[in-house]
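Summary of the model geometry
These are the residues of each chain, in order.
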Amino acid sequence: MASTDSPTRTFGTLLTAMVTPFTTDGEVDYDAAGNLAAKLVDDGCDGLVVTGTTGETSTLTDEENLGMFKAVLEAVGGRAKVIAGTGTNDTRHSVNLSRRAAELGVDGLLLVTPYYNKPSQEGVQAHFEAIASATDLPVMLYDIPGRSAIPIATETIFRLAEHPNIKGLKDAKADFGGLTRVLAATDLAVYSGDDGLTLPWMAAGALGVVSVTAHVATEQFRSLVDSALAGDFAAARRIHFELDPVIRGVMTRVQGAVAAKQILKWQGVLPNSVVRLPLVEPGDAELTLIRNDLGEAGMDFAA
């Protein structure tokens, strides 16, 4: 089972998968990114994933990715772990971006399963090992077949766990049996990659969550994670139920980054809710659904 000692210091326990703020003309707003990072850490995050999927990394240039890493490091470096999303479907590209991120001083790397190419499991393993060997940084694998089209097979995770730099797994596969085997057979620090599964995953031994919804309910997620780590599952279950409508509003009505930016704008945290194509902002019907979900949780925003 994953340790709650060293891995905690490596990645943290409550990590927000940060959005990338944009100006109204679609440029990266590094000042807003730094302010958002500082607020998330002030409110309880001990780790931030920068330019992962929620950070719209697939529509950012390398220089924009690196600019985001630098902005967040300047805002919260030393106060929280800064994990750089440097995984792509091109191994050489990922190696280069990871090395450049390491030079900036990030604390770790998040590497998503190579998407679109649909490699064999041998190719998946070789891809991750090549990137993990390119720097001395700790690596968190990101298993999300709903986006990548392929899973990281449990047996592949076992082999990857033997690599000295591969220290963690963000699991968004919803395979509790496979997760149980990973927790039992490896020392990987496992994180829920699905906000709604944080409680059951931690009950099985996961260390925390890499969350989108934590943008807008940071303190509640901090309490949920802390309660689960302390073994107080009665308190954790109560918070899980309180968070359910918030998670629904962020994660089920529109793409998570789209909803998170909209709610952060309502909260006055971000100046706008701009996203880059092919993402678009919510329509009126979607906004109503999101407001209704949040209203159920006592978070009321006027139309």
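Because the structure is predicted, anything quoted here is derived from the model rather than measured.

Between the first and last C-alpha of helix α5 (residues 121-132) there are 16 Å, a value that for 12 residues agrees with the 16 Å anticipated at 1.5 Å per step. Among the residues making up α5, those that are buried are Val124, Gln125, His127, Phe128, Ile131 and Ala132. One face of α5 carries all of its buried residues, which in axial projection span an arc of 160 degrees. Those residues of α5 hidden inside the fold are in contact with α4 (91-104), β4 (108-112), β5 (139-143), α7 (154-160) and β6 (166-171).

A rise of 1.5 Å per residue sets the reference length of helix α13 (residues 284-296), with its 13 residues, at 18 Å; its end C-alpha atoms lie 18 Å apart and thus fit the reference within 8%. Turning to α13, its buried residues number three or more, namely Leu287, Ile290, Arg291, Asp293 and Leu294. An end-on view of α13 places all buried positions within 160 degrees of arc, on one side of the element. Exposed side chains of α13 directed beyond 90 degrees from the buried face belong to Ala285 and Glu296. The inward-facing, buried residues of α13 abut α11 (233-251) and α12 (256-266). Once α13 finishes, glycine 298 follows within two positions and takes phi at roughly 85 degrees, a positive value.

Taking every second residue as pointing to the same face, both faces of strand β1 (residues 14-17) are buried, with Leu14 and Thr16 on one and Leu15 and Ala17 on the other. Both β1 and strand β8 (residues 208-211) contribute to a ladder of 3 bridges, which runs parallel. In the sheet register, threonine 16 faces β8, and the bridge partner there is serine 211. Relative to strand β2 (residues 47-50), β1 runs parallel, the two sharing 3 bridges. Paired with alanine 17 across the bridge in β2 is valine 49.

As annotated by UniProt and renumbered to match this structure, "binding site: pyruvate" (unreviewed entry) occupies Thr54 and Val210. Spatial clustering of the annotated residues is evident: they stretch over 157 residues in sequence, but the largest pairwise C-alpha distance comes to 10.8 Å. One can find threonine 54 in the loop between β2 and α3 (62-76). Residue contacts for threonine 54: discarding those within four places in its chain leaves Ala17, Met18, Val19, Thr20, Val212, His215 and Ala257. Mapped onto the elements, valine 210 comes out in strand β8. For valine 210, a relative accessible area of 2% corresponds to the buried category. Those residues in contact with valine 210 that sit more than four places away from it in its chain are Leu15, Ala17, Val49, Met140, Lys170, Tyr191, Ser192, Gly193 and Asp195.

The rules behind each value
- Residues numbered from 1 in each chain as written.
- Predicted model: local features only at pLDDT ≥ 70, side-chain atom pairs only at ≥ 80, totals over all residues.
- Heavy atoms only, no water.
- Helix = DSSP H or I, 4+ residues; strand = E, 2+ residues; numbered from the N terminus.
- Expected span 1.5 Å × (residues − 1).
- Buried < 20%, exposed > 50% of the residue type's maximum accessible area, 1.4 Å probe, protein only.
- Arc of directions from axis to C-beta.
- Contact = heavy atoms within 4.5 Å.
- Pairing = 2+ DSSP bridges.
- UniProt positions renumbered as here; feature names shortened; annotations may be inferred.

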